[in-house]
Amino acid sequence: MLTVNCICVGKLKERYWTQACEEYQKRLGAFCKFRIMEVAEYKLPEQPSETQIQQALKAEGEKILQLAAGSTLIPLCIEGKQIDSPALAQHLGTLALNGVSAVSFVIGSSHGLCDKVKQSGTLQLSMSRMTFPHQLMQMILLEQIYRVMLCEQIYRAFQIQNHGRYHK
């Protein structure tokens, strides 16, 4: 059975987002071993310099790569490739057919991911090319909605692979 990890920088702040992820985790149990792993977000000052941001991304990246060791990495980043749900299902199916036993999707902090994590991925994935205000990104997008959206898309991918009725 394929192991699918969702490695996220930061914690969900709202209980309803956690409950949504838990529901998808429960549903995914029929298709794969699904885990959500959290990496503590590096503490930065309110107005960080670019050097401080890069140091934070590097520190977070080292923890991410440790957690993802032995798995195929799929980092989520704005410069990544946008694909539809059937293409994600096909990609996961191809990985499994090629003998991959573990896949790790990675969601970074509001500052993104370090280049080393991005370059370690076999597929850089983008959920959207839209740019959002920094405050919105910190409050909801990456830390909360992206996580739930990713869980849903992984579930949808397995439903597509198994000819389930969920994807319409």
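Only a predicted model underlies this, so the values are computations on that prediction, with no experimental measurement involved.

Participant: Quick rundown of the environment of Ser104? Include the residues and the values.
Facilitator: Here Ser104 lies in strand S4 (residues 102-107). A residue is classified by how much of its surface remains accessible, and Ser104, at 0% relative accessible area, is buried. Every residue in contact with Ser104, bar those within four places of it in the chain, is listed here: Asn5, Ile7, Ala68, Ser71, Thr72, Leu73 and Ile74.

Participant: Summarise the sheet that holds S4; cite the residues concerned and give the values.
Facilitator: Reading across the sheet, the four strands line up as S2-S1-S4-S3 and stay open at both edges, with parallel pairing between neighbours. Pairing within the sheet leaves two strands with one partner each, and these edge strands are strand S2 (33-39) and strand S3 (72-81). For this sheet, the mean angle separating the axes of adjacent strands, direction not counted, is 25 degrees. Relative to S4, S3 is paired through five bridges, and the arrangement is parallel. When the bridges of S4 are listed, Leu76 appears paired with Ile107. Running over the sheet, helix H3 (residues 85-97) touches S3 and S4 and is turned about 140 degrees from S4.

Participant: Tell me what's going on with the pairing of S2, and back it up with residues and numbers.
Facilitator: One ladder, built from seven bridges, connects strand S1 (residues 3-9) with S2; its direction is parallel. Within S2, the residue paired with Thr3 across the bridge is Lys33. Handedness of the crossover is the feature at issue here: the chain leaves S1, passes through helix H1 (residues 15-28), returns alongside S2, and the resulting connection is right-handed.

Participant: Account for H3, naming residues and giving values.
Facilitator: Under the 1.5 Å per step criterion, the end-to-end length of H3 is 18 Å for 13 residues, consistent within 8% with the ideal 18 Å. Among the residues making up H3, those that are buried are Ser85, Leu88, Ala89, Leu92, Gly93 and Leu95. Along the long axis of H3, the arc covered by the buried residues comes to 160 degrees, so they all point the same way. Facing away from the buried side of H3 by over 90 degrees, the exposed positions are Gln90 and Leu97. Near the N-terminus of H3, the side chain that reaches the backbone nitrogen of Ala87, with its oxygen 2.9 Å away, is that of Asp84.

Participant: So, the side chain of Arg156: which residues are in play, and what are the values?
Facilitator: Topologically, Arg156 is positioned in helix H5 (residues 134-161). Of note is the side chain of Arg156, whose polar atom sits 2.8 Å from the side chain of Glu152.

Participant: Just give me the short version of unusual backbone geometry, but keep the residues and values in it.
Facilitator: Note on backbone geometry: most residues besides glycine have negative phi, and most peptide bonds are trans. Phi at His163 is positive, roughly 55 degrees, even though this residue is not glycine. Relative to the helices and strands, His163 is located in the segment after H5. Here His163 falls in the exposed class, since its relative accessible area comes to 73%.

Participant: Can you explain helix H2 (residues 50-67)? Please cite residues and give values.
Facilitator: Here H2 contains 18 residues, and its C-alpha end-to-end distance of 26 Å stays within 8% of the 26 Å for a straight helix at 1.5 Å per residue. Taken together, the buried positions of H2 are occupied by Ile53, Ala56, Leu57, Glu60, Gly61 and Ile64. For H2, the arc enclosing every buried residue in end-on projection is 135 degrees, short of the 170-degree limit, so these residues lie on one face. Turned more than 90 degrees off the buried face of H2, the exposed positions are Thr51, Lys58 and Gln66. Contacts from the buried residues of H2 go to S1, S2, S4 and helix H4 (115-120).

Participant: Can you break down the nonpolar core residue by residue, with the values?
Facilitator: Of all hydrophobic cores here, the largest spans 30 residues; its most connected members are Val4, Phe34, Leu92, Phe105, Ile154 and Phe158. For this core, the element with the most residues is H5, which contributes eight residues. Setting aside residues up to four positions removed in sequence, Phe158 forms contacts with Leu2, Val4, Leu28, Phe31, Cys32 and Leu92. One finds Ile53, Ala68, Cys114 and Val117 within the second-largest nonpolar core, a separate group that totals 13 residues.

Analysis parameters
Residues numbered from 1 in each chain as written. Predicted model: local features only at pLDDT ≥ 70, side-chain atom pairs only at ≥ 80, totals over all residues. Heavy atoms only, no water. Helix = DSSP H or I, 4+ residues; strand = E, 2+ residues; numbered from the N terminus. Buried < 20%, exposed > 50% of the residue type's maximum accessible area, 1.4 Å probe, protein only. Contact = heavy atoms within 4.5 Å. Pairing = 2+ DSSP bridges. Axes fitted to C-alpha atoms, helices over the stretch in contact; angles between N-to-C directions. Right-handed = clockwise from strand over helix to strand, strands pointing away. Expected span 1.5 Å × (residues − 1). Arc of directions from axis to C-beta. Polar contact = N/O pair within 3.5 Å; in protein donor to acceptor, adjacent residues only side chain to side chain. Core = buried A, V, L, I, M, F, W, Y, C linked by side-chain atoms within 4.5 Å.

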